[in-house]
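What the coordinates show
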Amino acid sequence: MNVKEYISSGIVESYVLGLVTDAERQEFEALCAQYPEIVQARAQFELSLENTLSQDAVPPPPFLKEKVREAVFPLAAEVSDSQSEYQTPVRHINWWKWVAAASVILLAGSLIWGLNTNKKYRQAQELAQQNTILETRLDSAEKQLNELNMVATTLQKPEVKAASLQGTDVSPASFANVYWDTTTKDVYLLINNMPAPSTDKQYQLWALLNGKPVDLGIIDNGVWQQKLMIKMKGVEEAQAFAITLEPKGGSVNPTMEQLYVVGKL
Amino acid sequence: MNAKATYEEGELIHLLKQKDEQAFSYLYSNYAGALYGIVKQIVTDTEVGSDVLQEVFVSIWKKIDSYDPSKGRLFTWMLNIARNAAIDKTRSKNYQQGLRQQPIDDNELSLPVVRPGYDDYGLKKVILKLKDEQRLLIDLSYYQGFTHDQIAKALNIPLGTVKTRLRTAVTQLRTMLS
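Residues numbered from 1 in each chain as written. Chains lettered and ligands numbered in written order. Predicted model: local features only at pLDDT ≥ 70, side-chain atom pairs only at ≥ 80, totals over all residues.

1. A closer look at the overall build of chain A
- On a plain count of helices and strands, chain A comes out with 6 helices and 8 strands.
- Reading the helices (α) and strands (β) of chain A from amino to carboxyl end gives α-α-α-α-α-β-β-β-β-β-α-β-β-β.
- Scored against the burial criterion, the 265 residues of chain A give a buried share of 22%.
- For chain A, long-range pairs separated by at least 24 residues make up 58% of all intrachain contacts whose partners lie at least 6 apart in sequence. (Helix = DSSP H or I, 4+ residues; strand = E, 2+ residues; numbered from the N terminus. Buried ≥ 20, exposed ≤ 12 C-beta atoms within 10 Å, placed from the backbone. Contact = placed C-beta atoms within 7 Å.)

Shown next as structure tokens:
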């Protein structure tokens, strides 16, 4: 269909002026839904028609406005009358209706109270949960702080000996430090740089005494990367320390092929 | 009935559909003159014209729910109500007896009804600029509400010619109005 031709055919003006047959009107309305340009042409003509007729308006007799108002608003008055009829029975309410009304109010009230209480209970539970979480966090923070303090004091003690563990051929870049308290026999490990082991493997710390390895514990994969220092198992005597990579859970004897760092006290 | 200064058309329609009295007052204040203008060009008599205008506003108030903005502006809708109400009035027995209106098949029909100097305002002022044959067709169809068929028979011209001439005439109206 040629929309431009259709628009300029006079159909738009005929439609607006009410000079079309039913069939033409239906067709025009259907095409309007399809072609915005037809709607635009229609709106344009409507507006110019409205402007022309408004400019040349003929004032109706002044009394007419009041007459029209009276003719129009009795309709509205009737509507509001029929509405108010539904409101009048208020006066005829019996005592049991009051009781029923009161029960409804009470029920509604207790429901609201119940819902409120329930809500408050849930809020309290949430707060308690949050409290527990915060307490746990505080505990672990305090624990960490205590450990750090302990480490700090430990390191300052003259009786603490340090061993610098250097990377082997397996992992030349690896480097760690072990601090051994000669009085308390506590062992602390500081991993400066070591590759993260695969999930099925774990690092294990060994003390070496007269060529024999003593297990000082496995290093938790999740922990050793986060912590500044890890407290390991204590040892009575040691000449050197070493870390090997072992299957998860650790080994009874170190896998020497997987020796990562080693250092003398 | 104190009318608000201005309403945006959509807002006015919404309020009218809610039967807002103030919106109706505004509608009357702003459109009664334009609608009265078209009514008067059809019925001419002031008293009858006033009656028709009153009917028009009662109709608008009653039918506002059926007004569909997608089909045209509110004014267009009201204008057609006014035009139809006025034409209906001219066809009522009382009116015909009072004014001795000539029926459609009268020979005098071919005389252009739109006369300069009498009611040449608004749309008619524009229509006066049209050729006589076009003016006649607009007058018969728009102001007297005859169908194309009736006009074709009365003027003894083919229906297609009536349609073509009318379409040409209204196309010129657009140019003249804008």
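2. Structural notes on the overall build of chain B
- Tallying secondary structure elements over chain B gives 9 helices and 0 strands in all.
- Of the regular secondary structure in chain B, the N- to C-terminal order runs α-α-α-α-α-α-α-α-α.
- Looking at chain B as a whole, 35% of its 178 residues qualify as buried.
- A separation threshold of at least 6 residues defines the contact pool for chain B, and within that pool the share at least 24 residues apart is 56%.

3. Focus on the pairing of strand β7 (residues 240–247) of chain A
All names here are of chain A.
- Most of β7 sits inside the fold, with 6 of its 8 residues counted as buried.
- Here 5 bridges tie β7 to strand β8 (residues 259–264), and the two strands are oriented antiparallel to one another. Paired with Ile 243 across the bridge in β8 is Val 261. (Pairing = 2+ DSSP bridges.)

4. What to know about the nonpolar core
- Counting 63 residues, the largest nonpolar core has Leu35(B), Val39(B), Leu53(B), Val56(B), Met78(B) and Ala82(B) as the members making the most contacts within it.
- Residue contributions to this core peak at 14 residues, all from helix α2 (residues 21–43) of chain B.
- Beyond its immediate sequence surroundings of up to four residues, Val56(B) is in contact with Leu35(B), Val39(B), Ile81(B), Ala82(B) and Ala85(B).
- Listed in part, the 26 residues of the second largest apolar core include Ala163(A), Ala207(A), Ala238(A) and Tyr260(A). (Core = buried A, V, L, I, M, F, W, Y, C linked by C-beta atoms within 7 Å.)

5. As for the pairing of strand β2 (residues 175–181) of chain A
All names here are of chain A.
- Bridge count for strand β1 (residues 160–167) against β2 is 7 bridges, and the pairing is antiparallel. Note that in β2 the partner of Leu 165 across the bridge is Ala 176.
- With 6 bridges connecting them, β2 and strand β3 (residues 187–193) associate as antiparallel partners. What sits directly across from Ala 176, in β3, is Ile 191.
- Remark: 5 residues form the turn of the hairpin made by β2 and β3, two consecutive strands paired antiparallel; Lys 185 in that turn has positive phi of roughly 70 degrees.

6. Side note on the interface of chain A and chain B
- Between chain A and chain B, the residue contacts involve 35 residues of the former and 41 residues of the latter.
- Breaking the side of chain A that touches chain B down by element, the ones donating at least two residues are α1 (3–17), α3 (36–55) and α4 (64–85) of chain A.
- Within the side of chain A that touches chain B, the residues separate by chemical class into 18 nonpolar, 8 polar and 9 charged. (Nonpolar A, V, L, I, M, F, W, Y, C, P; charged D, E, K, R; others polar.)

7. A look at the confidence of the model for chain B
All names here are of chain B.
- Overall, the prediction assigns chain B a mean pLDDT of 84, with 84% of residues at 70 or greater.
- Per-element confidence in chain B ranges from a low mean pLDDT of 68 for helix α5 (residues 93–99) to a high of 94 for helix α4 (residues 74–91).
- Segment residues 105–112: pLDDT under 50, and 11 contacts once partners within four positions in sequence are set aside and those in other chains are kept.
- Predicted complex, confidence summary: ipTM 0.86, pTM 0.54. (pLDDT = per-residue confidence, 0-100.)

8. What to know about the packing of helix α1 (residues 9–17) of chain B against α2(B)
All names here are of chain B.
- Put simply, α1 and α2 touch, their axes get as near as 8 Å, and they point 125 degrees apart. Considering the angle they form, α1 stands oblique to α2. Note that α1 runs across α2; the crossing there is left-handed. When α1 is examined against α2, the residues Leu 12, Leu 15 and Leu 16 are found in contact with a partner set consisting of Ala 23, Phe 24, Tyr 26 and Leu 27.
- Counted by class, the contact of α1 with α2 contains 7 nonpolar, no polar and no charged residues. (Axes fitted to C-alpha atoms, helices over the stretch in contact; angles between N-to-C directions. Parallel < 35°, antiparallel > 145°, perpendicular 65-115°, else oblique. Left-handed = near helix turned anticlockwise from the far one by under 90°.)

9. Concerning the confidence of the model for chain A
- Summary statistics for chain A give a mean pLDDT of 84 and a share of 88% for residues scoring 70 or more.
- Under a pLDDT of 50 for its full length, residues 81–90 of chain A has, in the predicted model, 0 contacts with residues more than four places off or in other chains.

10. Topic: the sheet that holds strand β4 (residues 201–209) of chain A
Residue and element names in this part refer to chain A.
- Overall, antiparallel pairing links the 8 strands, which are arranged β5-β4-β7-β8-β1-β2-β3-β6 in an open sheet. Of all the strands in the sheet, just β5 (212–219) and β6 (230–232) have a single pairing partner and so form its edges. Each adjacent strand pair in this sheet contributes to an overall mean axis angle of 30 degrees, direction not counted.

11. Brief notes about unusual backbone geometry
- In this structure, Asn210(A) takes a positive phi of about 55 degrees despite not being glycine.
- For Asn210(A), the position within the fold is in the loop between β4 and β5.
- For Asn210(A), a count of 6 C-beta atoms within 10 Å gives the class exposed.
- A positive phi angle, close to 55 degrees, is found at Asn156(B), a residue other than glycine.
- Here Asn156(B) is to be found in the loop between α8 (148–155) and α9 (159–177).

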